[in-house]
Amino acid sequence: MLQHKPQNRCHGFAYRWIRPCALSSGSFSNIYCAITRLSLAVVILIAIPAYALAEASGRVLDDDRESPWHIVADEITYDQEADQYTARGDVNITKEDRRLAADFVRFDHKTMKVLAVGHVIMTAGEDILTGTRMEMDLEAETGTVYDGTIFFKANHFYVKGDKIQKVGKHCYTADKASITTCDGDTPAWKITGRNLKVTIEGYGFVNHAALWAKKVPVLYAPFLVFPVKLKRQSGLLAPQLGYSDRKGAEYNQPFYWAISESSDATFYLHHLERRGEKLGLEYRYVLGKKSKGTLMYDFLDDRKVDDGTPDSSEDWGYEDDNVLRPNSDRYWFRMKNNQAMPFGFSAKLDIDIVSDQDYLHEFKAGYTGFEKTDKYFEKNFGRGLDEYDDPVRVNSLNLSRSWSKYSLITEARWYDDVINRRQSDTNTILQKLPFAEFNASKQRILKTPFYFDLDSEYVRFYKQKDKRGHRIDALPRLYLPLKLRNYFTLEPSFGWRHTAWYIDKYQDPSPEKERTLYREIYDIKLDLSSGIYSVYNLGGNGIERIKHTVRPQVIYEFIPDQKQDEYPSFDSLDRIGGKNLITYSLTNTFTSRSTEHTIEKDKRQEDKYDVPSYTYRQFCRLKLEQSYDINEAKQNDPESEPFSAIYGELQLVPGRYLSMQADAEWSPYENDFLSHNVAANIWDKRGDSLFAEHRYKRDSSRSIYYHFLLRISDRLSAYIERERNLFDREDIKYSTGFLYKAQCWSIELSYTDEEEDRRYALMVNLYGLGAFATEMTGRDMESLFEGEE
């Protein structure tokens, strides 16, 4: 509350709890009054707590009598009998993070009512209310603003009206009003209507709503509901519209449900003109930084099938797929979960079950398509999905723990063969149920010069109506690193593999076969390497030095050729072939050093001194590698080829806006490339970018891919994406489109030709309206637990 004596008045400032200066004609009094005003301003600014200035609140004047109001004006008068303050000229009333400014303000201290006239501006946190006249009851938090505008910063929302009434703590009404998220006197879009009622952290309701594009009305609705929330909210998200040859006209409408602070869900109604109604569900939860999960499910009762008839296979099958799809019940269930467990363990669950081999071809794009799902899982869980064209989907439950030098992983893994599941009662895939792995990283043995590491695993193999068994495999390895006169590093190592099998059931049962078998195989490895470098001083303002490092390396590996026919054959680990191989390589790296100088001041001596900081960047790496097979050379066969193909790898980042990668294999016997791949990425400050990649594998594949994004202006962008199979001379994918992003709306138009289907899509988003809900991702919800261990 305010305290003031009626006789005391000072032009320019009035205050609480400090005795006011008296108005006097004397020069000393005027100087004293000016100094007092300046001192009071500093005191009041210091008195405002820092957290209040930083806090963003959606409330307008939530009065607390323990916290004072401060008034600044050109002239202030006080009527003691009425207990009223009257301020004229550049009036400012402040309290913590709230402020009222106007040309004229009358404040009734008894009733806590305020009348403000002329250029009224009221702020609460970052929210702003403006008008020509305002009547406000600070105690009840009600009032009226004339020719007013309310701006909510959190969602950049404007509410304008001739007469806006605040009828509650967070509730506003207006007879005639408009709403928009666009800045300016003539917004790009707005909604006008009558009988507007808006509740902060709630919804807005308006009758006879009209949507305007600039000054042109484009849509009318007798009644409209819209959210006005600063936090997560339930409601409609922006729909997707499109057209394709295989699906016809499409409309995909998501609805977002903010269940709680740590969980939410999105429901999808996807109308496909030619195929039916596809329903979708996404559920997300976060229990902590290490505990979260996402479940997604889609279902479609498809009107079209690929049952082998000429019409169905031609229109609804795929040319590169010889397997029919006679089912109409189509679905895709996928889920990933991370869960912190007791004693430092963590669990991970991955599920990926799809109805048929064509489903992910059919629904590759869109809100619930493969591409967006795979990117979401990769971003939020660090692991994606199997390729969309892979009919074998991996499902697993993983329990693991890591120590500083050891790790334990246990897993139940199920390979779901979609085609086999649809066409056969017997699962022919060999499953790993369960799988356990215990590893020790390379570490020193006490204080000796020796080091060791360990790779070990247990697997139970299961195959329906077929072979089943258990396998334990352990490979300890002993190392002895040696330095040869500071020029070379030699590291011999010896590994001794132990493998044991117990067979439950053979593929070809026979009573003579042993059920328990053992195997021991040793291997020897010698690793010889060196490092040579030279530093070149350039003396430039940018790059100061370049370090060129050459690392030659020779590795010898030996595994004896041992007969293993009597052992079961579950996977490649059951058949370890002999090896007598020398691999030699040469790696060149170029690293630049740039120096930046900053001036710092010594607080004790007040001297300034130069502090250099260095930036190191590896801008080029070139590696060449080849192997020589001694066993192959001993065969004395004129057609033997002991030398492998020469493998080359190049990584180049010559500048800030250019990067390149390339690799190739060249056969010395055929004097030709077996494969070569090259990729380049170019971009600039504007946001333009070009990525191009060429891939080649002899007698197998040759393709080119590029993606070009052009920023035509700050708001308009165009893009084109193409992948072409040069080997078969046909396009794999072609897509192009335009994106226009304004301050408060955006529109995207795209065309895609892929998987024997052409799609047209249009997306219009009116910020704050087109996206009727604010969706929270898994990473967003994780921020609720930033401080949790």
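Everything numeric in this text was worked out from a predicted model, so none of it was measured.

### Some details on the pattern of salt bridges
On inspection of all chains with the given rule, the structure shows 43 salt bridges. In this structure, Arg413 and Glu411 form a salt bridge, with 2.6 Å as the shortest nitrogen-oxygen distance. Here Glu491 and Lys442 are joined by a salt bridge, their closest N and O atoms 2.4 Å apart. Pair noted here: Glu491 is in strand E27 (residues 488-505) and Lys442 is in strand E23 (residues 431-444), with a separation of 49 residues, a long-range link. Looking at Glu491, the relative accessible area reads 18%, which means it is buried. Overlapping salt bridges bring together Arg246, Arg275, Asp302, Arg325, Arg330, Asp356 and Glu362 as one network.

### Points about the nonpolar core
A general feature of soluble globular proteins is that nonpolar side chains tend to end up buried together. Within the largest apolar cluster, 45 residues are counted, with the highest numbers of intra-cluster contacts made by Leu100, Met134, Val159, Leu196 and Phe226. Residues Val354, Tyr359, Leu360 and Phe377 belong to the second largest nonpolar core, which totals 15 residues.

### Describing the packing of aromatic side chains
Considering all chains together, one arrives at 27 aromatic pairs under this definition. With 6.4 Å between their ring centres and 25° between their planes, Trp332 and Phe370 make a pair best called stacked. Taken together, the positions of Trp332 in strand E19 (residues 329-340) and Phe370 in helix H5 (residues 370-381) put the pair 38 residues apart, joining distant regions of the chain. The residues Trp332 and Phe370 share a single accessibility class, namely buried. On the numbers, 6.4 Å between centres and 80° between planes, the contact of Tyr657 with Trp683 is edge-to-face.

### Focus on the side chain of Gln626
Inspection of the secondary structure puts Gln626 in strand E32 (residues 608-629). Take Gln626: its relative accessible area is 12%, and that puts it in the buried class. Here the side chain of Gln626 touches Tyr584 through a polar contact of 2.9 Å, side chain to side chain. Setting aside anything within four residues of it in sequence, one finds Gln626 in contact with Ile582, Thr583, Tyr584, Phe643, Ser644, Ala645, Ile646 and Pro668.

### Observations regarding unusual backbone geometry
The step from Leu433 to Pro434 runs through a cis peptide bond, and the omega angle for that step is -5°. Tracing the backbone through its elements, the reader meets Pro434 in strand E23. Phi at Asp83 takes a positive value of approximately 55°, unusual for a residue other than glycine. Residue position: Asp83 is located in the loop between strand E2 (75-79) and strand E3 (84-95). Exposure remark for Asp83: the relative accessible area of 14% places this residue in the buried category. Residues other than glycine seldom take positive phi values, yet Glu141 does so here, at roughly 60°. Here Glu141 shows up in the loop between strand E6 (127-137) and strand E7 (142-152).

Definitions and cut-offs
- Residues take numbers from 1 onward in each chain, read along the sequence in its written order.
- For a predicted model such as this one, the threshold for reporting local features is a pLDDT of at least 70, and the threshold for listing and counting side-chain atom pairs is 80 or more; totals across whole chains, interfaces and linings nevertheless cover every residue.
- To obtain the side-chain values, all non-hydrogen atoms of the structure were included, while hydrogens and water were left out.
- Whenever a carboxyl oxygen of Asp or Glu lies within 4 Å of a side-chain nitrogen of Lys or Arg, that contact is scored as a salt bridge.
- Labels follow the DSSP assignment, with helices taken as runs of H or I lasting at least four residues and strands as runs of E lasting at least two, numbered in each case from the N terminus.
- Any residue under 20% of the maximum accessible area for its type is buried, any over 50% is exposed, and the rest in between are partly exposed; the area is computed with a 1.4 Å probe on protein chains only.
- Nonpolar cores are built from buried Ala, Val, Leu, Ile, Met, Phe, Trp, Tyr and Cys residues. Side-chain atoms within 4.5 Å join them into one set.
- For Phe, Tyr and Trp, rings pair up if their centres lie within 6.5 Å, where Trp contributes its six-membered ring, and each pair is then called stacked (planes under 30 degrees apart), edge-to-face (over 60) or tilted (otherwise).
- For the purposes of these results, a polar contact is taken to be a pair of N or O atoms within 3.5 Å, where, inside protein, one atom must be able to donate a hydrogen and its partner to accept one; residues adjacent in sequence count only when each atom of the pair is a side-chain atom.
- Every residue pair with non-hydrogen atoms within 4.5 Å of one another is taken to be in contact.

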